[in-house]
Amino acid sequence: MSIQNVSVIGAGQMGSGIAQVCAQAGFQVVLHDIEEPYVQKGLQAITRNLARNVEKGRLTEEDKTDILSRITTTTQLETAGQQADIVIEAILEKMEAKESVFSQLDQICPAHTILASNTSSLPITEIAAVTNRAEQVIGMHFMNPVPVMKLVEIIRGLATSDEVFAQVKDMAEQLQKTAVEVNDFPGFVSNRILMPMINEAIYTVYEGVATPAAIDDVMKLGMNHPMGPLTLADFIGLDTCLSIMETLYEGFGDSKYRPCPLLRKYVKAGWLGKKSGRGFYQYT
């Protein structure tokens, strides 16, 4: 099977970015979300990104028009799934929500359709278990911002077939991404390594070792990180960081993955980072 039609479920920051790179690579894309304002917000984000690329000379106005012409939108899951060769789910990082979507897609989509999840930490095998096509379920964990970052972690579930893996790897390369094969363990590779570092940085604030700015300066100037861990946490979203740490803690049962109490407190206070205007830093 040749992948030509791509459906993206979830028009947020990740979903709209995935839809953009798929359309840029020549795929026909359906972008779905549960309400029309969400879909339109995602489409507007894509339009803005493409307009910036035109301004910088990376695309022509004609290129922009062609890319946008390959994207259609819908709020109906049935419409999104009916013609898809692959569906890439990019909704909130909650297992119950993902299982609900995958169960519905399994009923809606043609028999050949591959079902992929952009989950950053949840087990692909567990998601696949709610479908009758576990061999066609796979993880495609894109990095944020999707149009810029080159990595895609491709996660094999317990039943994922070699054929499906090869098709998804080939598709990722058509998107001009570097595809890295990863097995199905909590947090995969990226977040299993990154999130404990962020969590430890939060403990360092919690214990009064240093201020957030000082901790970020140490990691930027001493370890050559492009962004400090607490700034990065604010950009990712502290609620997302907490969710991933809880997945690691539950998945491994190891106290080294215990989320810092300060992280829990900030999330309960609604201090979620850049998206809420306040996290470890304040944003105007």
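Rules used throughout
- Residues numbered from 1 in each chain as written.
- Predicted model: local features only at pLDDT ≥ 70, side-chain atom pairs only at ≥ 80, totals over all residues.
- Heavy atoms only, no water.
- UniProt positions renumbered as here; feature names shortened; annotations may be inferred.
- Buried < 20%, exposed > 50% of the residue type's maximum accessible area, 1.4 Å probe, protein only.
- Helix = DSSP H or I, 4+ residues; strand = E, 2+ residues; numbered from the N terminus.
- Pairing = 2+ DSSP bridges.
- Patch = residues over 30% accessible without salt bridge, like charges linked within 9 Å, V, L, I, M, F, W, Y side chains within 5 Å.
- Areas by Shrake-Rupley, 256 points an atom, 1.4 Å probe, with all protein chains shown as cover.
- Salt bridge = Lys/Arg side-chain N within 4 Å of Asp/Glu carboxyl O.
- Lys, Arg positive; Asp, Glu negative; His and termini not counted.
- Charge placed at Lys NZ, Arg CZ, Asp CG, Glu CD.
- Contact = heavy atoms within 4.5 Å.
- Polar contact = N/O pair within 3.5 Å; in protein donor to acceptor, adjacent residues only side chain to side chain.
- Phe/Tyr/Trp six-rings, centres within 6.5 Å; stacked < 30°, edge-to-face > 60°.

In the nomenclature of an unreviewed UniProt entry, the protein corresponds to 3-hydroxybutyryl-CoA dehydrogenase from the organism Polycladospora coralii. According to the UniProt record, the Pathway (unreviewed entry) comment for the protein is "Lipid metabolism; butanoate metabolism." Its UniProt record gives the protein a comment under Sequence similarities (unreviewed entry), which states: "Belongs to the 3-hydroxyacyl-CoA dehydrogenase family."

This brings us to the pairing of strand E5 (residues 114-117). Burial along E5 is two-sided: Ile114 and Ala116 facing one way and Leu115 and Ser117 facing the other are all buried. Inspection of the sheet shows strand E4 (residues 86-89) paired to E5 by 4 bridges, in the parallel sense. Residue pairing for E5: Val87 is matched across the bridge by Leu115. Two strands pair when backbone bridges link them, and E5 and strand E6 (residues 137-142) are joined in this way by 3 bridges, in the parallel orientation. Looking across to E6, one finds that Leu115 is bridged to Val137.

To continue, consider a positive patch on the surface. The grouping of Lys41, Arg48, Arg52, Lys56 and Arg58 at the surface amounts to a positive patch. Positionally, Arg52 belongs in helix H2 (residues 36-55).

Right, let's talk about the UniProt feature "site: Important for catalytic activity" (unreviewed entry) in the protein for a bit. The feature "site: Important for catalytic activity" (unreviewed entry), as given by UniProt, occupies His141 in the numbering adopted here. Looking at the secondary structure, you find His141 in strand E6. Apart from residues lying up to four places away in sequence, His141 is in contact with Ser117, Asn118, Thr119, Ser120, Leu151, Val152, Glu153, Ile155, Phe188, Ser190 and Asn191. A distance of 2.7 Å separates the side chain of His141 from the side chain of Glu153, its partner in a polar contact.

On to the packing of aromatic side chains, then. For the coordinates displayed, the defined rule picks out 5 aromatic pairs. When the centroid spacing of 5.1 Å and the interplanar angle of 65° are considered together, the rings of Tyr266 and Trp271 count as edge-to-face. According to the relative accessible area criterion, Tyr266 is buried, its value standing at 15%. Between Tyr266 and Phe280, the ring centres sit 4.9 Å apart and the planes meet at 35°, which makes this aromatic pair tilted. Placement of the pair is Tyr266 in helix H12 (residues 261-268) and Phe280 in the segment after H12, with a sequence separation of 14 residues.

This part is about the side chain of Asp184. Turning to its location among the elements, Asp184 is positioned in the loop between strand E8 (178-183) and helix H8 (190-206). Of the side chains with opposite charge, Arg192 lies nearest to the buried Asp184, which makes no salt bridge, at 10 Å. At 3.1 Å, the side chain of Asp184 and the backbone nitrogen of Ile124 are in polar contact. In this structure the side chain of Asp184 is engaged in a polar contact, spanning 2.7 Å, whose partner is the side chain of Thr125. Apart from the residues lying within four places of it in its own chain, the contact partners of Asp184 are Pro123, Ile124, Thr125, Ile155, Arg156 and Gly157.

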